[in-house]
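# Residue-level structural notes
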Amino acid sequence: MHEHDVIVVGAGGAGLRAAIAAQEAGADVAIVSKLHPVRSHTGAAEGGINAALRDADSWEDHAYDTMKGSDYLGDAPAVEALCQESPEEVIQLEHWGMPFSREEDGRVSQRPFGGLSFPRTTYAGAETGHQMLHTMYEQVVKRGITVYDEWHVMELAVTDEDDPADRTCHGVVAYDIQSGEISGFRAENGVILATGGMGQVFDHTTNAVANTGDGVAMAYRAGAPMEDMEFIQFHPTTLPSTGVLISEGVRGEGGILYNEEGERFMFEHGYANNDGELASRDVVSRAELTEVNEGRGIEDEYVHLDMRHLGEERILDRLENILHLAEDFEGADGLTEPMPVKPGQHYAMGGIETNEFGETVIGGLYAAGECACASVHGANRLGGNALPELIVFGKRAGRHAAGEEMGEAEVTTGKDGDWEAADYEFETEVGETGGQGPAAADGGAVATDPDGVLEAEVERAEARVEELLSRKGRNHAEIRSTVQQTMTANVNVFREEGRLEKTLDDLREAREAYKDVAVSDPSRTFNTDLIHTMETRNILDIAEALTMGALARKEFRGAHWRKEHQERKDENWLKHTLVSWNDGEPELWYKPTILEGENKTYEPKNRSY
Amino acid sequence: MSQSYNRGLIEDFSRWREFEAGMWAWIFHKFTGWVLIGYLFTHIAVLSTAIPAADGATMMFQGSETDVFTGTIVSLEGLLLVRILEVGLLAVAVFHMLNGTRLLLVDLGVGLEAQDKSFYASLILTGAITVASVPTFIAGAF
Amino acid sequence: MSTQTPTQTEESSETDAEADVPSKGDERRDEKRRRAAEERARRQAEEAEKAAADEETVELKVFRYDPEVEGKQEPRFDTFHVPFTKGMTVLDALMYSRDTYDSSLTFRHSCRQAVCGSDAMFVNGGQKLACKTQIAELEQPIRVEPLPHAEVRKDLVVDMEHFYDQMEAVEPYFQTNEYPDGELEEQRQTRENREKIKMSTRCIWCSACMSSCNIAAGDNEYLGPAAINKAYRFAMDEREGEDIKQKRLEIIEQEHGVWRCQTQFSCTEVCPKDIPLTEHIQELKREAVKNNLKFW
Amino acid sequence: MAERYSSFNSGGRMWLLQRVTAAFLLIVLAFHFFLLHFVHHADEVSLAASSARMEQLSYYSLMILFLVTATFHGVNGVYNALVNQGLTGTKRTVVKWSLVAASVVLLFQGIRTANAWAGGFPLL
Ligand SMILES: Cc1cc2nc3c(=O)[nH]c(=O)nc-3n(C[C@H](O)[C@H](O)[C@H](O)COP(=O)(O)OP(=O)(O)OC[C@H]3O[C@@H](n4cnc5c(N)ncnc54)[C@H](O)[C@@H]3O)c2cc1C
Ligand code: HEM
Ligand code: SF4
Ligand code: F3S
Ligand code: FES
């Protein structure tokens, strides 16, 4: 067993920042990550980090833009925290040596980004995330923070009181991918989940293969609700064959979208008469799919993104890696031809329900980064708002977990404040019923003393791995692929009731199939088959909760579009969707959005660009 | 812990075939350098016959009495094998000089993009110079 | 001319929604769509023909080894046949093989877009990132092996610890003695300077360079091209200041530092991020010499 | 702090010397080849001719310098090559001093030969 004050699960931007903050606050902190830190998907972020740095700009404007972008589903206290603290966090990164792009006078450059009223996106070429991830890992090395890399966290060690709000998290159980050893990691003060995105729930995604939403699923099964899972952002410009992302930076610099007829459809077909290509992502994604559905797509699949008119010099200076991406992954030369693009899953606005300090409803359990939902992005995330979220909330969670006094939270967790039960009847049975397969792993150990809880959880994990390895059964790959395909076919940019119901059916079947899952590779050394099998269980749980939310939310808000409900319904739906695991019988409920900020209340406005 | 094992199988497979220009240059330069220092030792050994020669030591050479130095050198130069070896030495030296120049430029950061081309140029030039020198080197051997 | 002309101007035809005759614009679009459809049909037929003509499959020979599984302890090569699709990468082919034929086939991968640096391997005798290597550009059969000069853990997975140790040996973190006064003040950096270090900051720690370098293979303590490049990234960053630069040069001047490099260039050739490694190493050598001469 | 850096660490010094000697050798070796194979032919060597050349101080000192630099360059090159292949510890010390000894012998013998030609140290 390993013991530390704070255990951080995940070593992307959020995890690294949390670990640094916890250590600065005096805690003995360790990072446990299934990938070596520099392999985390934060490294793939291209575009930039929003921060109101200049005199002509203000955090209030940033908050206003973010609220508007979120379609008024963000919680104001979290949104304002993000916008107030991101400037100092960005400067902190600069002081840690991050190689930002520069202006003539040597200051950090900023560029315009979709949905922003001021060019406030700081960036480092077209590899902002890479630079940010590496800069922070460097700081971790400098501080000598312990990193357990290639340890896959399987479950959380949480006590089993009836009410999740009474439970406490004492650590995590992890599997050493190199050796097959299972070990408990005891956290004296707290566990911070920073496991990133869940793009692998879908078939066509910009996310990494490792982005299987493990943290979200683990916290969910341990009792922390998932919030606003139906809000999935689809990025309008991904390469059709691989899902590799072409940064919004291209449009920020002046790139233009054309349909097959060579029309600049964002304007010519009136999707966004003011902002055109720079309208927010959901608007552009839907515009593209509409073009394709109406027969104006190229090869009935994609549209063209053209940046040739920017000139070679400017492209090489600011968008060089886009050229490489288009060349290596699609065989297109951005200097001489337009690049093919289509929408792909990109970002999960929802995640583990937390307050603005990263605390979940479970004592000692925190979440930060893409796996968390504070919520700052509401129904739709603005480009360049995720990276600041990592550092602002990573730091907050780290400090809080290390025991720093930070005041009273305004965002509530669990059924603490106002809440209402959902009266939605799903046609299909959801959750884990009729005995649990070998993957059964919902939280809750019988013991009450911390070490006992952890030991019980380790034993359970050992038994589970033993069974997966020893028995005969079907391979997980097929199941995973079924889930991904049904999700991409039915729960993407356009959503309609019948198909969502059918998806729940498909997922039910996949769950049944998963009960027979087995790992055919008997090895304890680097058994990726085993790891992927465990991940697939997580994907299943997430896909289900996501689809439940999508069915229940009968309105069109932000990234969530419903065929039957074509408008935003503020009277009924200014509220968050939550799904609690409830020991295998998922429960859907709602809590109101907080629109009251520090100095003002954000009045829902029409979100037109 | 997994044990490591001998990777002979992979290490050997296609490694040499896939060598890049820079790696061949390195190997050739190494080889030629060693030949040259080896030769320097032999060279001085042979030349030091001049020491006894200066003291008047003589030997019989082609029927007449000659000083040991001249005798040794001229008899060696008379051997075709030695002449051929000398051509080899020239090739080795010329390559080492040309590639050495290339390396000096690389050290100065000049022409790094053309490092492979300059290596091929060294090879070709070495060949050309060697071939062109053969008449001079062989002259008088027969 | 008061009589109506049968021909309409183009403008009015396009705005006239009521017009029951198809407008010129519509005609144009229809025509284009038809042509595009024809084009598509033709291409599809072509594709089908091609596929029928030569069963487009890729042959993959993959290195297999597992220290604890019987039958895999003896290293061997397994052959997989994978249907070829346009734009397919070596990583795609490996994933297909794993998901379809043998779920125990093991390799690291994550981002699929050449940023995580997990999947450097030895493909047809060269160090490559599998996700960034197009099948179409390779000779068949494609031979896939783990990185040379590293200990194999299993199949295509090698031990990276040594590489990480070297990377972390050069104090790979920003250091400076002076920060600007204002709380929200950034340090200034000229565009030229940022440009100078730009390439060096792109390293994704894939270790391809280290694996390709003969010197690193012979001398385990040699820092290796990636770590030296990391040192370069900081030594050349003007924000760190002169004092720190002195310290940086001290580090790379060690016994197993820059002087070990024999300018073989293979690191530069294999780097998937096109970092001019040899150039950076050479520049550091000169900097070190210059620096020492200064105090002579 | 300056004094800590004021002396070359040996890696850098040797590296520089290897380059400097290489640059010098480039010129002298070319001259040497040219003189002894193209101007004078190999089969025309004689003690007298060699002596005549060696008696000139300029030629004599050039050749001694040639010998010294070539010895250093060659031996240091060999040593570096071995060290690069991972020669360490006592083995390395042994090799190092053997190479030094060999160089001394070479230089000694070389200088004696030159002196023999010149009939002692040439005084113009
Ligand atoms: C292509 C792309 C471009 C983007 N561009 C931008 C942009 O320009 N601006 C912006 O603001 N945002 C951008 N985003 C969004 C942003 O990059 C992500 O939301 C963010 O990087 C997520 O960071 P993270 O720290 O939460 O997670 P990640 O960086 O994904 O890290 C997750 C970590 O958790 C670990 N982990 C996961 N599961 C387990 C487990 N079971 N056990 C142990 N460890 C585990 C992983 O090893 C990894 O270290 C982009 C996203 C993508 C995909
Ligand atoms: C004529 C001009 C010469 C030039 C330009 C030259 C250049 C060089 C250079 C630059 C190196 C260093 C390679 C490195 O460390 O990366 C080198 C190595 C070497 N040189 Fe020379 N050299 C010349 C002549 C000689 C001579 C005359 C000898 C023999 C006495 C010689 C023997 C060596 C040896 C043994 C090495 C080491 C090779 C190795 O790395 O194994 N060189 N040369
Ligand atoms: S320098 Fe290039 S080859 Fe080496 S580790 Fe970095 S990215 Fe990979
Ligand atoms: S391959 Fe090795 S020898 Fe130097 S130039 Fe690269 S580090
Ligand atoms: S999979 Fe990330 S670099 Fe290839």
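Here the structure is a predicted model, which is why all the values come from computation and not from measurement. (Residues numbered from 1 in each chain as written. Chains lettered and ligands numbered in written order. Predicted model: local features only at pLDDT ≥ 70, side-chain atom pairs only at ≥ 80, totals over all residues. Heavy atoms only, no water.)

Looking only at helices and strands, chain B features 6 helices and 2 strands. Looking at chain B as a whole, 44% of its 142 residues qualify as buried. Taking the contacts inside chain B whose residues are at least 6 apart along the sequence as the reference set, 61% of them involve residues at least 24 apart. In the structure as shown, chain B presents an accessible area of about 7,300 Å², 71% of it carried by carbon and sulfur atoms. (Helix = DSSP H or I, 4+ residues; strand = E, 2+ residues; numbered from the N terminus. Buried < 20%, exposed > 50% of the residue type's maximum accessible area, 1.4 Å probe, protein only. Contact = heavy atoms within 4.5 Å. Areas by Shrake-Rupley, 256 points an atom, 1.4 Å probe, with all protein chains shown as cover.)

Right, let's get into the confidence of the model for chain C. Residue and element names in this part refer to chain C. Mean pLDDT over chain C works out to 84, with 80% of the residues at or above the 70 mark. Taking the mean pLDDT of every element in chain C, the minimum, 36, falls on helix α1 (residues 10-15) and the maximum, 97, on helix α8 (residues 225-235). Confidence drops under pLDDT 50 across residues 1-22; counting only partners more than four residues distant or on other chains, this segment forms 8 contacts. Scoring the predicted complex yields pTM 0.89 and, for the interface, ipTM 0.90. (pLDDT = per-residue confidence, 0-100.)

Residues and elements named next belong to chain A. Close contact between helix α1 (residues 13-24) and helix α4 (residues 128-143) brings their axes to 9 Å; oriented N to C, the two are set at 30 degrees. Here the hand of the crossing between α1 and α4 comes out left-handed. Between α1, through G13, L16, R17, I20, Q23 and E24, and α4, the contact on the second element is made entirely by L133, M136, Y137, Q139, V140 and R143. (Axes fitted to C-alpha atoms, helices over the stretch in contact; angles between N-to-C directions. Left-handed = near helix turned anticlockwise from the far one by under 90°.)

This part covers the site of ligand 3. In the neighbourhood of ligand 3, 13 residues make up the surrounding shell, with C:C203, C:C206, C:S207, C:C209 and C:C271 lying closest. Looking at the shell around ligand 3 residue by residue, the classes come out as 12 nonpolar, 1 polar and no charged. (Near = heavy atom within 4 Å. Nonpolar A, V, L, I, M, F, W, Y, C, P; charged D, E, K, R; others polar.)

With that out of the way, let us pick up α8(C). Of all 11 residues in α8(C), 11 are buried, a share of seventy percent or more. Of the residues making up α8(C), those classed as buried are C:P225, C:A226, C:A227, C:I228, C:N229, C:K230, C:A231, C:Y232, C:R233, C:F234 and C:A235.

All names here are of chain A. Burial analysis of strand β19 (residues 575-580) places 6 of its 6 residues in the buried class, which makes it a mostly covered element. Pairing geometry for strand β10 (residues 226-227) and β19, over 2 bridges, is antiparallel. Bridge pairing in β19 places M226 opposite V579. In the sheet, β19 pairs with strand β20 (residues 587-592) via 6 bridges, with the strands oriented antiparallel. Counted as the bridge partner of H576 is K591 from β20. Between β19 and β20, which pair antiparallel in sequence order, lie 6 residues; one of them, N582, sits at a positive phi of approximately 55 degrees. (Pairing = 2+ DSSP bridges.)

Residue and element names in this part refer to chain B. Under the UniProt annotation, "transmembrane region" (unreviewed entry) lies at residues 31-53, 73-98 and 119-141. Summarising residues 31-53: 91% helix, 0% strand, and an end-to-end C-alpha distance of 34 Å. As a span, residues 73-98 carries 96% helix and 0% strand, and end to end its C-alpha atoms are 28 Å apart. (UniProt positions renumbered as here; feature names shortened; annotations may be inferred.)

Enumeration according to the criterion identifies 24 aromatic pairs over all chains in this entry. Seen in terms of ring centroids, C:F63 and C:F77 are 5.7 Å apart; in terms of plane orientation they differ by 75 degrees. Their pairing is edge-to-face. Residue C:F63 is found in strand β1 (residues 57-64), and its partner C:F77 is found in strand β2 (residues 76-83); the two are separated by 14 residues along the sequence. For C:F63, a relative accessible area of 0% corresponds to the buried category. With a relative accessible area of 24%, C:F77 lands in the partly exposed category. Arranged with centres 5.0 Å apart and planes meeting at 45 degrees, the rings of C:W259 and D:W15 form a pair that is tilted. Separated into two different chains, C:W259 in the loop between α9 (242-252) and α10 (266-270) and D:W15 in helix α2 (residues 10-39) make up a pair that spans both. (Phe/Tyr/Trp six-rings, centres within 6.5 Å; stacked < 30°, edge-to-face > 60°.)

This part covers the sheet that holds strand β5 (residues 121-122) of chain A. Residue and element names in this part refer to chain A. Taken in spatial order, the 3 strands line up as β3-β5-β4 in an open sheet, and their pairing is antiparallel. The two strands at the open ends of the sheet, each matched to only one other strand, are β3 (49-50) and β4 (110-111). Direction of pairing for β4 relative to β5: antiparallel, over a ladder of 2 bridges. From the neighbouring strand, Q110 faces β5, where its bridge partner is T122.

Quick look at the side chain of C:R98 now. Take C:R98: it is sitting in helix α3 (residues 90-100). Side-chain polar atoms of C:R98 contact the side chain of C:D99, separated by 3.0 Å. Those residues in contact with C:R98 that sit more than four places away from it in its chain are A:H532, C:S103, C:L105, C:F107 and C:H109. (Polar contact = N/O pair within 3.5 Å; in protein donor to acceptor, adjacent residues only side chain to side chain.)

Once that is clear, we can look at the domain arrangement of chain C. All names here are of chain C. Looking at chain C, the domain boundaries give domain 1 (57-158) and domain 2 (161-176 + 190-293). Its C-alpha centre places domain 1 at a distance of 29 Å from the equivalent point of domain 2. Taken residue by residue, the interface counts 11 residues in domain 1 and 13 residues in domain 2. In this assembly, domain 1 and domain 2 are joined by 0 salt bridges. The residue makeup of the side of domain 1 that touches domain 2, split by class, is 7 nonpolar, 3 polar and 1 charged. (Domains from an automatic or database assignment. Salt bridge = Lys/Arg side-chain N within 4 Å of Asp/Glu carboxyl O.)

A few words now on the site of ligand 2. In the neighbourhood of ligand 2, 24 residues make up the surrounding shell, with B:K30, B:W34, B:H96, B:M97 and D:H73 lying closest. Nearby residues around ligand 2 are contributed by chains B, C and D. Within the side chain of B:H29, a nitrogen or oxygen atom sits 3.1 Å from a nitrogen atom of ligand 2. Between ligand 2 and the protein, one listed contact pairs an oxygen atom with a side-chain N or O atom of B:W34 at 3.0 Å. Only α2 (21-47) and α5 (80-107) of chain B together with α2 and α4 (57-84) of chain D provide two or more residues apiece to the shell around ligand 2. Considering each element in turn, the shell around ligand 2 owes the most residues, 7 residues, to α2(B). When its residues are assigned to classes, the shell around ligand 2 shows 13 nonpolar, 9 polar and 2 charged.

Before going further, it helps to spend a moment on the nonpolar core. C:L60 and C:L94 are the most contacted members of the largest nonpolar core, which has 141 residues in total. With sequence-adjacent residues up to four places away left out, C:L94 is seen in contact with C:L60, C:V62, C:L105, C:F107, C:M121, C:V144 and C:L156. Within the second largest apolar cluster, 89 residues are counted, among which are A:A157, A:I232, A:L546 and A:L588. (Core = buried A, V, L, I, M, F, W, Y, C linked by side-chain atoms within 4.5 Å.)

As annotated in UniProt, the feature "domain: Succinate dehydogenase/fumarate reductase N-terminal" (unreviewed entry) corresponds to residues 60-164 of chain C in the numbering used here. Taken end to end, residues 60-164 of chain C is 14% helix and 29% strand, and its two terminal C-alpha atoms sit 30 Å from one another.

The next subject is the interface of chain C and chain A. If you look at the interface, chain C gives 67 residues, while chain A gives 75 residues. The junction of chain C with chain A conceals about 5,900 Å² of combined surface from both sides, 44% of it contributed by carbon and sulfur atoms. Considering only the side of chain C, the residues that lose the most area to chain A are C:Q113, C:E186 and C:R191, jointly responsible for 12% of the buried surface there. Counting across the chain C and chain A interface gives 12 salt bridges. Ionic pairing is found between A:E127 and C:R202, a salt bridge with its closest N-O pair at 3.1 Å. Here chain C and chain A share 47 residue pairs in polar contact (both at pLDDT 80 or more) between them. Contributing elements (two or more residues each) for the side of chain C that touches chain A: α2 (24-53), α3, β6 (152-154), α4 (161-168), α5 (191-198) and α8 of chain C. Sorting elements by how many residues they give to the side of chain C that touches chain A places α2(C) first, with 6 residues. Classifying every residue of the side of chain C that touches chain A by side-chain character gives 26 nonpolar, 12 polar and 29 charged. (Buried area = accessible area lost by both parts, 1.4 Å probe.)

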